[in-house]
Structures are given as C-alpha cells and as structure tokens.
Amino acid sequence: RWSSDDYYDPDPKAEDKSYCKRGGFIPDIDFDPAEFGLPPNLLEATDVSQPQMSKAAYDETTRSNDIVLVDFGAEWCPPCKKMEPVIAAFMNEQGNNVKLVKMDGGNEIELMKTLKVAALPTFILYRKGQETVRKQGIMTKEELTAWVK
C-alpha cells in the first residue's frame, strides 16, 4: 500500500521526494478482469502457476480416441460459458463415441499460439489424431453433431 508520507514532506526545506506537492491517492478497489473480458494471464500481477501442456502431450491426447473434440475456452469468457450446456447436451447424445478435451485458454497460451487458436471459444475436431474441422465462436448442438457424422 502506498503512503503519502513516503512522497510528501510539509517542510519546504526538506529534500524533494516527488515532482509535486499536491495530489491524491486512488483508494483500493476490487477489480475483476473477467468483467472487462480480460484473461487473467494478461495482468502483470497475476501468477499463472498451472503448468502448460506440451504440443507432444496435446498430440497424444488427440490420438487417444477415434474422434476427439477439443474445446479451447475459459471461465472468464462469456461465450464459453454460453457453450457449456450445448457441449453437455452434445456429449450426452454422443456417449463414448466422442472424447471431449477441455483446454483452458487462459493458461494454455503457448499451445494456442502453436495451434493458431486466436479466439475463445475455439472447437477443433480430430479423427484418429488428424484435425478435420475447426470453428471459433458459438456453435449449435446440431453443428457439432454434423461434424461427427
């Protein structure tokens, strides 16, 4: 916390501590970056301590089932939140036919760069480890179902 005493001395003969003798300090406020669509990893004071997935581990994951749907999203992303019930309904319909892999777009920065994932949400469908289709943004359950047919 900043203290004005560290920067201002009312004694005019004292050595300068700042460039001005008047000013103010902004009071502490609660700030939720998600309200402004900012991913927490863009804030300098945020510690991203969760390890990121390597490209090799990602490739292994996409080969782990005949059909794999990768969902790049984030908790702070409103369109991603809107997609949650759509994905849940799609996965209930598909059963074991499709494996869902959820990737945290707020954490997997390097992987997103490597895969050229530029926006959230982004959905990528893999068949036997090969990318077959991808889409950024909101999707319907019917669109997802059409991908796996």
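Residues numbered from 1 in each chain as written. Predicted model: local features only at pLDDT ≥ 70, side-chain atom pairs only at ≥ 80, totals over all residues. Heavy atoms only, no water.

Even after reading the chapter, I still don't get the overall build of the protein chain, so can you show me in this structure?
A count of helical and extended segments in the protein chain gives 4 helices and 4 strands. Starting at the N terminus, the α and β elements of the protein chain follow one another as α-β-α-β-α-β-β-α. Looking at the protein chain as a whole, 30% of its 149 residues are labelled buried. Put simply, of all contacts in the protein chain between residues at least 6 apart along the chain, 64% involve residues at least 24 apart. By element, 52% of the accessible surface of the protein chain is carried by carbon and sulfur atoms, the whole surface being about 10,300 Å². (Helix = DSSP H or I, 4+ residues; strand = E, 2+ residues; numbered from the N terminus. Buried < 20%, exposed > 50% of the residue type's maximum accessible area, 1.4 Å probe, protein only. Contact = heavy atoms within 4.5 Å. Areas by Shrake-Rupley, 256 points an atom, 1.4 Å probe, with all protein chains shown as cover.)

Please explain the nonpolar core as it appears in this structure.
Note on soluble globular proteins: their nonpolar side chains tend to be buried together. With 17 residues, the main nonpolar core has Tyr58, Val70, Phe72 and Leu120 as its most contacted residues. Non-local contacts of Leu120, meaning those with residues more than four positions away in its chain, are made with Phe72, Gly73, Ala74, Trp76, Cys77, Cys80, Gly105 and Met112. Counting residues in hydrophobic clusters, the runner-up holds 13 residues, among them Ile67, Met91, Leu125 and Leu144. (Core = buried A, V, L, I, M, F, W, Y, C linked by side-chain atoms within 4.5 Å.)

Is there a simple way to explain the sheet that holds strand β4 (residues 130-136) in this structure?
Strand pairing in a sheet takes place through backbone hydrogen bonds and is either antiparallel or parallel in direction. One open sheet holds the 4 strands; their spatial order is β2-β1-β3-β4, and the pairing between them is mixed. Edge strands, defined here as strands with exactly one partner in the open sheet, are β2 (99-104) and β4. The sheet shows a mean angle of 20° between the axes of neighbouring strands, taken without regard to direction. As paired elements, strand β3 (residues 122-127) and β4 share 6 bridges and run antiparallel to each other. Across the sheet, Thr122 pairs through a bridge with Gln136, a residue of β4. On top of the sheet, helix α2 (residues 78-94) reaches β1 (67-73), β2 and β3; it is set at about 165° to β1, its chief contact. Helix-sheet contacts for helix α4 (residues 141-148) involve β1, β3 and β4, and the interaxial angle to β3 is about 20°. (Pairing = 2+ DSSP bridges. Axes fitted to C-alpha atoms, helices over the stretch in contact; angles between N-to-C directions.)

Is there a simple way to explain the state of the cysteines in this structure?
By definition, a disulfide links the sulfur atoms of two cysteines through a covalent bond. The final tally for this structure, using the stated rule, is 1 disulfide. Residue pairing for Cys77: its cysteine sulfur links by disulfide to Cys80, the two sulfurs lying 2.4 Å apart. Every disulfide takes its handedness from the sign of the S-S torsion; for Cys77 and Cys80 that torsion is 75°, giving right-handed. Cys80 carries the same exposure label as Cys77, and that label is buried. (Disulfide = S-S within 2.5 Å.)

Would you mind going over the pairing of β1 with me for this structure?
Across a regular strand the side chains alternate sides, sitting on one face of the sheet and then on the other. Within β1, 7 of the 7 residues are buried, which leaves it mostly tucked inside the rest of the structure. By the alternation rule, side chains of β1 split into Ile67, Leu69, Asp71 and Gly73 and Val68, Val70 and Phe72, which are all buried. As defined by bridge partners, β1 adjoins β3 across 6 bridges and the pair is classed as antiparallel. Bridge assignment links Val70 to a residue of β3, and that residue is Ile124. Looking at chain direction, β1 and β2 are connected through 6 bridges and run parallel. If you follow Asp71 over to β2, its bridge partner there is Lys102. In the classification by handedness, the crossover that spans β1, the intervening α2 and the parallel β2 is right-handed. (Right-handed = clockwise from strand over helix to strand, strands pointing away.)

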